[in-house]
Amino acid sequence: MLDQLQALADRYEKLSELLCDPEVTSDTKRLREYSKEQSDLQDPYDAYTEYKQVVEQLDAAKQMQAEKLDDEMKELVKMEIEELTERKTALEERLRILLMPKDPNDDKNVIVEIRGAAGGDEAALFAGDLYRMYTKYADAQGWRTEVLDVNLNDLGGFKEIVFQVNGRGAYSKLKFESGAHRVQRVPVTESGGRIHTSTSTVVVMPEMEEVDIEIKDNDIRVDTFCSSGAGGQSVNTTKSAVRVTHLPTGIVATCQDGKSQNDNKVKALQVLRARIYDVMRQEEEAKYAGERKSKIGTGDRSERIRTYNFPQSRVTDHRIGLTLHKLDAVLGGELDEIIGALTLAAQTDQLDNKGE
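All of these numbers come straight from a predicted model, not from anything done at the bench.

About the criteria used
Residues numbered from 1 in each chain as written. Predicted model: local features only at pLDDT ≥ 70, side-chain atom pairs only at ≥ 80, totals over all residues. Heavy atoms only, no water. Buried < 20%, exposed > 50% of the residue type's maximum accessible area, 1.4 Å probe, protein only. Helix = DSSP H or I, 4+ residues; strand = E, 2+ residues; numbered from the N terminus. Pairing = 2+ DSSP bridges. Phe/Tyr/Trp six-rings, centres within 6.5 Å; stacked < 30°, edge-to-face > 60°. Contact = heavy atoms within 4.5 Å. Core = buried A, V, L, I, M, F, W, Y, C linked by side-chain atoms within 4.5 Å. Salt bridge = Lys/Arg side-chain N within 4 Å of Asp/Glu carboxyl O. pLDDT = per-residue confidence, 0-100.

### A look at the pairing of strand β7 (residues 241-246)
Most of β7 sits inside the fold, with 5 of its 6 residues counted as buried. In this sheet, β7 lies alongside strand β6 (residues 220-225) in antiparallel orientation, the contact comprising 6 bridges. Bridge pairing in β7 links Phe225 to Ala241. In this sheet, strand β8 (residues 251-255) lies alongside β7 in antiparallel orientation, the contact comprising 5 bridges. What sits directly across from Val244, in β8, is Ala253. Linking β7 back to β8 in an antiparallel pair, the connection comprises 4 residues, with Gly250 at a positive phi of about 80°.

### Examining the packing of aromatic side chains
This structure, assessed with the given rule, holds 5 aromatic pairs. Ring geometry for Tyr12 against Tyr45: centres 3.9 Å apart, planes inclined by 15°, an arrangement best described as stacked. Note that Tyr12 is positioned in helix α1 (residues 2-18) and Tyr45 in helix α3 (residues 28-65), a separation of 33 residues in sequence. Tyr45 gets classed as buried once you look at its relative accessible area, which sits at 16%. Here Tyr131 and Phe163 contribute two aromatic rings whose centre-to-centre distance is 5.0 Å and whose plane-to-plane angle is 80°, an arrangement assigned as edge-to-face. Residue Tyr131 is located in helix α5 (residues 121-141), and its partner Phe163 is located in strand β3 (residues 158-166); the two are separated by 32 residues in the primary sequence. The residues Tyr131 and Phe163 share a single accessibility class, namely buried. Grouping aromatic residues by their ring pairs yields a cluster made of Tyr131, Phe158 and Phe163.

### Describing the side chain of Glu92
Along the chain, the position of Glu92 falls in helix α4 (residues 71-98). Excluding its chain neighbours within four sequence positions, the residues that come into contact with Glu92 are Met1 and Tyr51.

### Thoughts on the environment of Thr135
Here Thr135 is to be found in helix α5. Judged by relative accessible area, which is 11%, Thr135 ranks as buried. Note: C-alpha distance between Thr135 and Gln164 (29 residues apart in sequence) is 9.9 Å.

### Thoughts on the nonpolar core
Membership of the largest hydrophobic core comes to 35 residues, with the highest contact counts inside it found for Ile114, Tyr134, Val165, Leu174 and Tyr308. The dominant element in this core, judged by the number of residues it contributes, is α5, at 8 residues. Ranked by size, the runner-up nonpolar core spans 23 residues in total, among them Tyr51, Leu91, Leu95 and Leu99.

### Some details on the pattern of salt bridges
Applying the stated criterion to the full structure yields 25 salt bridges. A salt bridge links Glu122 to Arg185, with the nearest nitrogen and oxygen atoms 2.5 Å apart. With Glu122 in helix α5 and Arg185 in strand β4 (residues 179-185), the pair connects residues that are 63 residues apart, well separated along the chain. Judged by relative accessible area, which is 12%, Arg185 ranks as buried. In this structure, a network of salt bridges that share partners links the residues Lys36, Asp40, Asp107 and Arg168.

### Here's the deal with the confidence of the model for the protein
Overall, the prediction assigns the protein a mean pLDDT of 85, with 89% of residues at 70 or greater. Predicted confidence is poor over residues 230-237, with pLDDT under 50, and the contacts of this stretch with residues over four places away or in other chains come to 16 contacts.

Shown next, in the form of structure tokens:
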């Protein structure tokens, strides 16, 4: 591992030199490539630099321990060695995680689908809560969101909403959100004050480029229709909305929120590519799951992954047993604690599987 880290550090420092080279700075393509490569190496480089400093300090403390010292100094040196040893162990664990192969989709934009599931109007209203939660989280990350398709119910909830999140690392942060989200609260439609349980489903897919998923013109059917609003009524008289059907698989994508028919077709094809890739990935994961199943998955859409309990102001992620008593903050987009815990659990699981 140390040889690998040293090679990584050498490459990082070489990139620092290259990024100061006038030939590179005048070449936009090379400058972008080298900048991205160095950015990808930043975290392991910083951790390795800190690790070397800790090892150096630990060696110096051990040498001092071998010298003749008074009792007070011996105790201080002993405490320093214990502290440095703990830091060294923690850094070694972090470095192992940082050296694991990255998901090639981690840096990609994502397409998110949220649908009201069990619970009728209440499920649709909760789908709206989830949509606002993710858009607020995206805003906090400096990402941009764009609605691609939406189907409203009469109360202003979402039977379905499809939106895009553009920002580096969007998939790495949101990929564990796929699954069934459960809400427990008194619905606005409930006159007796009884708590109901409803669910909405979330699907997070990495955006695919044309080079990733090729869609041939003769494999699709394109239909146009008038955009519709709540209850299905037409909201304009021009057929700007677009529905694209992938004939070999039967997968359908619709977009009606673009500025023009052509804009909607481009966006519908983006959704279609993401859905085709998602089906392919689920099939691969199903094969893999027969050999080894991770507790943190991104494939099973029916799995209940999280509960939002309003009476107790509680959010529980069932995959990792994490419970937070700050429902309002979470629905306000403060997802870092949950996403961080899920990422750590997935990395630990990957390390454990690697050791088998």
